[in-house]
Amino acid sequence: MTESSNRTTPVRRVSSPPAAESTARHNITVDINGETIEAEVESRLLLTDFLRDRVYLTGTHIGCEQGSCGACTVLLDGLPVRSCLMLAPQVDGRSVRTVEGLAAPDGALSPMQQAFCDHHGLQCGFCTPGFLMTLTSLAERETPVTLNELDHHLDSSFCRCTGYMNIRAAARHALGLAHVEGKPAQGDGT
Amino acid sequence: MKPSPLDYVRATSVDHAIELLASDNDARLLAGGQSLMPVLNLRLGAPELVVDIGRIDELRSLEFADGDVPATRGVLRIGAAMTQTEVATHPDVNGRWPMLVAAIAQIGHPQIRNRGTVCGSLAHNDPQAELPAVAVALGATMIARSVRGERSLSADDMFHGAFTTALEADEMITAVEFPEPSPEQGWSFREFSRQPGDFATAGVAAVVRRNAGSIESRLVVFGLGGGPTRATLIEEALLNAAGPDLESSVIEQWAATLDPVDDAHTSARSKIRHAQRLLVEAVAEAWERM
Amino acid sequence: MTDHREHSGEPEGFVGRSMPRVEDDRLVRGAGRFVADLHVADALEVAFLRSTYAHARIVRLDTSAARAMPGVVAVYEPSDVVDRIKPLVNAEEMRVPPGIAELGPINKVQPAPILAGDEVSYVGQPVIMVIAESRYLAEDAIELIDIDYEELPAVVDLQEAAAPGAPLVLCGEEDNIGVHVRHGKGDAAKAIADAPVVVHETFSTQRYVCAPIETRGLLAQKDPFSGGLTVWSTTQTPHRVRDHIAESIGLRVDDVRVQSVDVGGGFGQKGILIVEELLIPFAAHDLVRPVRWIADRYENLTADAHAREQIHHITVAADNEGHLVAVHDRILVNLGARNMVGLVVPYNALCHLLGPYHVDNVDIETTGVLTNTTFTSPYRGAGRPEATFAMERAIDTVAAALGMEPAEVRRRNLIGPEQMPYRTGMLDRRGLPQEYDSGDYPEMLERAVAMIDLPAVREKQSLPGVDGRLIGVGFAMYLEMTGLGPFEGARVDVTPSGRVRLYTGAPSQGQGHRTVFAQILADALGVDITDVDVVAGDTATIPYGVGTIASRALVTAGNATRQAGELLRQRILDAAADAMESSAADLELTGGMISVVGSPTKSMSLAELIRAVPKLIGGDGSDGLSETSYFQPPNYATASGVHAVVVAVDPETGRVEIVDYVVVHEAGRIVNPMIADAQVVGGVGQGIGGILCEHMVYDGNGQPVTSTFADYAMPLASMVPDIRLDEIVCPSPTNPMGVKGLGEGGAVGPPAAVANAVEDALRRAGHADVTIRTGPLTPSRVLDLVAPQS
């Protein structure tokens, strides 16, 4: 996540709240996808809106703003969280990773991103970043992932297009579970 | 929707937090935010001040107070800024407070548990939430502080009706203490929810243990409306029971005391059926583990 | 994923191949550009004050505090817009074709007020529009508005609203009937009276919401050069939106440009216009500032279109061998507070009710009823899932009455392939004789029965279960007349860099048009697919279009693309003949290179050609290589499918698990099998959600109860198993490509198939009296079915 030591870490200052915002402002510094971002943010600014409208990282999508749909999922210090359920000032001094931070510096897609392409794991692509962030947290984890855990994580985001089948296939492949025996989802059937 | 105007302050210490709580009648604590933020986003609540206690060092603790003798029951003390994930993934918690871990696994989704705190859930007392019921079943104690001082609240006294607790407006929970279950104690945590990650339609947290020839139990039902509620009729019936099988007349008698309401998804009748079934299953499972 | 897909050898071109999607790379990087992702300097944001009453008069309104709030740029009250924006009528959807007009239908035109000035008729109706520097500030200002209502009687229940003497949903109307049409053939009453087997039941479909994960939104900006408007929109029908904006705010059509950018699912909700789509461009024009509105989820669930709610009082008569002799149906369709889309859903339900079955005597009456609830729109299937639910449930009821295997009753009534093209004797939605162009329904059913292994399921049902759960199997068959006209266009250009660019009016909301249309065009032209770019849904690039609704894009835009491609190929060869001093007949275009047949060294690239064209001596005066073609389908292309499902029902919890789900479908020639399969599976996922969990609930006062995603139950991954697919191919004779639409079909079958399976499970386990009349089959509903009130 952090830049290599022989390069100066860029610090980017992003835009400030609208003038009419009356609530207390905070100066925050956040590591976002390896870049240091400095910003003045109003108290009530949602992390989602901060990422999208101030840092212009619009890959993090808004689907419900109440933590249900999962489209806004980002990694906070490596763990997936709903960015719509955080205020921007809360991430001061912390590290946020968004879908824009998944590909390698040379542009190569991450294995999970590639699997979504290979298995037609997206249609409209709106929910996709949330799924990718949640599943990336599994893929990059040291302990092995079980099918049950995968299914549990798949249940944490809504997709309205795919019927989930190809998302499941993509995730299984990227997590090395493609050949593990076991029915998806609710269990062992009959 | 977006939150109403509010001022955010990150408290640097518990003293700082309780001063802020005392100075502003309209302040709300933000720990994990997984209950508060939806309320703010939907403008169902509009506090003037949001006090973030999520990064107060003294609340970021998980302590095991063990006795000197291995057989002595220990106490798990969970600071108010510890997330549900942090608690549930701690190996010692997993081994010694299995009901707590089982209950946390049922809370929302991984992303929610990565932010949501154990103490926040207790303070919020959502009637469909798992942890208040677990706190009652395990006899937990909440440590509450305000500028007026510190006090302990037993779980039995803590939870009133839905979303209401014994906490005063200027008080915060700084920690919760879960006594370590004795080895001879059996436990079960069961809930039914419509979909994975949903709040419980109904749930039961049960502990049973033999004590001087009789069966002591704490059978806590949740999800049906008010706060966590003990099934005292069943607890009494178990006192001299020789096994976990409950007489159906007793269950019916207990079920008649339940008063859930129909909601958009579940009829009151179904809720009672779920509660009955879960209770029977939980008693059997806890007995088995005793 | 496909068990028995027909392989007729490797396709020669791109069409027929599972080409990976060109869309995906951007989207998985988070580099998609949805409307909410566009940043235009100084864009203002919008929030609406919406009615909190199901029916009321607005008696007082005071916006002065909101207007005075810092950060607020404008506040529009109803009186501010009433003379400046024409009320909204979805004119295309409201059209009554001449043939249908002869049936004597009712179709009341009820223009939607842009802002509700006097009367509000549902919770969520926009009353005041606030425009501010941010959405946060706009919402703050909404809270400063004083509004007083005087409550009026409201009616929410569909049956109650249809009854004589019900409170009026809209003041000034005579009754609550918005749509009515009756149509049939033969003598249903007599056939029913004479038949030995008659079943009469009520089957209804509950209200649910398309709920794409991306809500509706748009961004409008006044063009400083032309004075016109540029509008970036989530719409499925950009040209219609363009025309309505121009008409309603008094601009020339050419001065409005509507671009459908990356769109996060539509499913019908974004296929009709709502007043917000006129208000936002109006405000941008009026204020000369960019204005953006993105619906939040609360608005999406309460104030954008709902769908599906229908009641069918259906009677089906059969002889003793299970041959259907008559169908009589009285359909009630909940339109919501206003007739927004006319006959579309009610008549779709009517003319798809019979599905793949031959029935001689038919009498169907469909009535669209107003209620004080949010207006409704077509939703994936648009009346077909509802009609299929009624008909397929009725067929199982007939089978039960006869003690026959439900699949056998179906088999005995199917129209055979030898009868194609088959005229039903009814009128289709265009008011012309309804004709199924092609299909093989018996073959599909046979395959579905084999794939689901019906005998094995029956065997298993006869044995004691292992885990206490009850096994059931259900089938549903349906067809869908796809490829709705009247037209779609394609313009194909060779660009100065030698690439090929396609412009069409049918945008994608996830269906993969950039890939599929590129496959078609690459083949038609003789270029590589990587040399094709597709721009779909930008009105500045092609003057006319309809959009992506009604399973029509592939049939209409696909064939238009092919036609344009073939024309362009000839134009290229003609131009190359001049440039290469050869004869067009001696040239070929392959892989983007034009060469002389037999001497491949003599060749030029498209890039070389396009640069040469303007300089050609004796050219035709045209500077470029471009062709435009419109395709007008002569008839519908009728796609069809069979769904077969095995469920396990837990009688203790009421939970229904889908154990196995099989789809055998027919949709003509398939352009991209991977995408086609996924369209079917995605539709099945939505249909499963519809029958197992989704329900948009109102309380008795007309307050929406399921107004957030915490309350409105969406299907999750664990609810939808891996779907097993098979496919037969009956190329459509209605279009040169032989294709049919398949976007909607997957969603049509699940409600009926799953309900049939659950009823089968319960009845075979001894609950002989259980009849499943509606969804969703939530655990609570199932529990209440198996444990009747004592």
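Residues numbered from 1 in each chain as written. Chains lettered and ligands numbered in written order. Predicted model: local features only at pLDDT ≥ 70, side-chain atom pairs only at ≥ 80, totals over all residues.

Points about the overall build of chain C
Point 1. In terms of regular secondary structure, chain C is built from 23 helices and 29 strands.
Point 2. Taking 2.2 N^0.38 as the reference for a compact globule, 790 residues should give roughly 28 Å; the C-alpha atoms of chain C span a radius of gyration of 27 Å, in line with that estimate.
Point 3. Based on the C-alpha atoms only, the size of chain C along its principal axes is roughly 90 × 75 × 55 Å.
Point 4. Relative to its 790 residues, chain C shows a buried fraction of 62%. (Helix = DSSP H or I, 4+ residues; strand = E, 2+ residues; numbered from the N terminus. Rg over C-alpha atoms; globule rule 2.2 N^0.38 Å. Buried ≥ 20, exposed ≤ 12 C-beta atoms within 10 Å, placed from the backbone.)

Some remarks on the overall build of chain A
Point 1. Assigned secondary structure in chain A consists of five helices and six strands.
Point 2. In chain A, the succession of α and β elements from N to C terminus is β-β-β-α-β-β-β-α-α-α-α.
Point 3. Since a compact globule built from 190 residues should have a radius of gyration of about 16 Å, the 18 Å found for chain A is in line with a globular shape.
Point 4. Overall, the C-alpha framework of chain A stretches about 60 × 40 × 25 Å when taken along its three principal axes.
Point 5. The proportion of buried residues among the 190 residues of chain A is 58%.

A few points about the interface of chain C and chain B
Point 1. In this complex, chain C contributes 24 residues to the contact, which on the side of chain B involves 17 residues.
Point 2. Those elements that provide at least two residues to the side of chain C that touches chain B are helix H6 (135-142) and helix H23 (779-786) of chain C.
Point 3. Among the residues forming the side of chain C that touches chain B, the class breakdown is 10 nonpolar, seven polar and seven charged. (Contact = placed C-beta atoms within 7 Å. Nonpolar A, V, L, I, M, F, W, Y, C, P; charged D, E, K, R; others polar.)

Things to note about the interface of chain C and chain A
Point 1. At the interface, 56 residues of chain C touch 49 residues of chain A.
Point 2. When residues of the side of chain C that touches chain A are assigned to their parent elements, the largest contribution, seven residues, is made by helix H20 (residues 673-692) of chain C.
Point 3. Looking at the side of chain C that touches chain A, its residues break down into 29 nonpolar, 14 polar and 13 charged.

Focus: the pairing of strand S22 (residues 532-536) of chain C
All names here are of chain C.
Point 1. Burial of S22 is one-sided: the residues Val532, Val534 and Ala536 facing one way are buried, the residues Asp533 and Val535 facing the other way are not.
Point 2. Judged from the five bridges that link them, strand S21 (residues 500-504) and S22 form a sheet pairing that is parallel. Looking at S22, one finds that leucine 502 is bridged to valine 534.
Point 3. Traced from S21 through helix H17 (residues 513-525) to S22, the parallel crossover comes out right-handed. (Pairing = 2+ DSSP bridges. Right-handed = clockwise from strand over helix to strand, strands pointing away.)

Some words on the confidence of the model for chain A
Point 1. Taken residue by residue, chain A gives an average pLDDT of 92. The fraction at 70 or more is 90%.
Point 2. pLDDT under 50 marks residues 185-190 of chain A. Its contacts with residues more than four places away, or in other chains, come to 14 contacts. (pLDDT = per-residue confidence, 0-100.)

Regarding the sheet that holds strand S7 (residues 146-151) of chain C
Point 1. If you trace the three strands from one edge of the open sheet to the other, you get S5-S2-S7 (chain C), paired in antiparallel fashion. For this open sheet the edge positions go to strand S5 (119-120) and S7 of chain C, each flanked by a neighbour on one side alone.

Remarks on helix H3 (residues 128-139) of chain A
Residues and elements named next belong to chain A.
Point 1. Over its 12 residues, H3 runs 16 Å from end to end, which matches the ideal 16 Å to within 8%, given 1.5 Å per residue.
Point 2. Burial of H3 is extensive: 11 of the 12 residues sit out of reach of the surface.
Point 3. Of all the residues in H3, the buried ones are Thr128, Pro129, Gly130, Phe131, Leu132, Met133, Thr134, Leu135, Thr136, Ser137 and Leu138. (Expected span 1.5 Å × (residues − 1).)

Remarks on the domain arrangement of chain C
Residue and element names in this part refer to chain C.
Point 1. The domains assigned to chain C are domain 1 (35-77 + 115-152 + 215-263 + 269-302) and domain 2 (488-631).
Point 2. Measuring from the centre of the C-alpha atoms in domain 1 to the corresponding centre in domain 2 gives 39 Å.
Point 3. Counting residues at the interface gives 13 residues for domain 1 and 14 residues for domain 2.
Point 4. Elements with a minimum of two residues in the side of domain 1 that touches domain 2: helix H9 (238-249) and strand S12 (256-260).
Point 5. Considered class by class, the residues forming the side of domain 1 that touches domain 2 number three nonpolar, six polar and four charged. (Domains from an automatic or database assignment.)

Some thoughts on the nonpolar core
Point 1. Membership of the largest hydrophobic core comes to 410 residues, with the highest contact counts inside it found for B:Val51, B:Ile53, C:Val130, C:Val647, C:Val754 and C:Val758.
Point 2. Among the elements that take part in this core, helix H18 (residues 553-579) of chain C stands out by supplying 11 residues, more than any other.
Point 3. C:Val647 has contacts with C:Gly472, C:Val656, C:Glu657, C:Ile658, C:Val659, C:Val754, C:Ala757, C:Val758 and C:Ala761, leaving out every residue within four places of it along the chain. (Core = buried A, V, L, I, M, F, W, Y, C linked by C-beta atoms within 7 Å.)

Notes on the domain arrangement of chain A
Residue and element names in this part refer to chain A.
Point 1. Splitting chain A by domain gives domain 1 (11-100) and domain 2 (111-174).
Point 2. Each of domain 1 and domain 2 has a C-alpha centre, and these two points are 23 Å apart.
Point 3. Every element with two or more residues in the side of domain 1 that touches domain 2 is listed here: strand S4 (73-76) and strand S5 (79-82).
Point 4. Considering every element that reaches the side of domain 1 that touches domain 2, the biggest residue donor is S4, with three residues.
Point 5. Its residues placed into classes, the side of domain 1 that touches domain 2 shows eight nonpolar, seven polar and no charged.

Structural notes on the environment of C:Ala68
Point 1. Along the chain, C:Ala68 turns up in helix H2 (residues 64-68).
Point 2. Placed 73 residues apart in sequence, C:Ala68 and C:Ala141 show a C-alpha to C-alpha distance of 9.0 Å.

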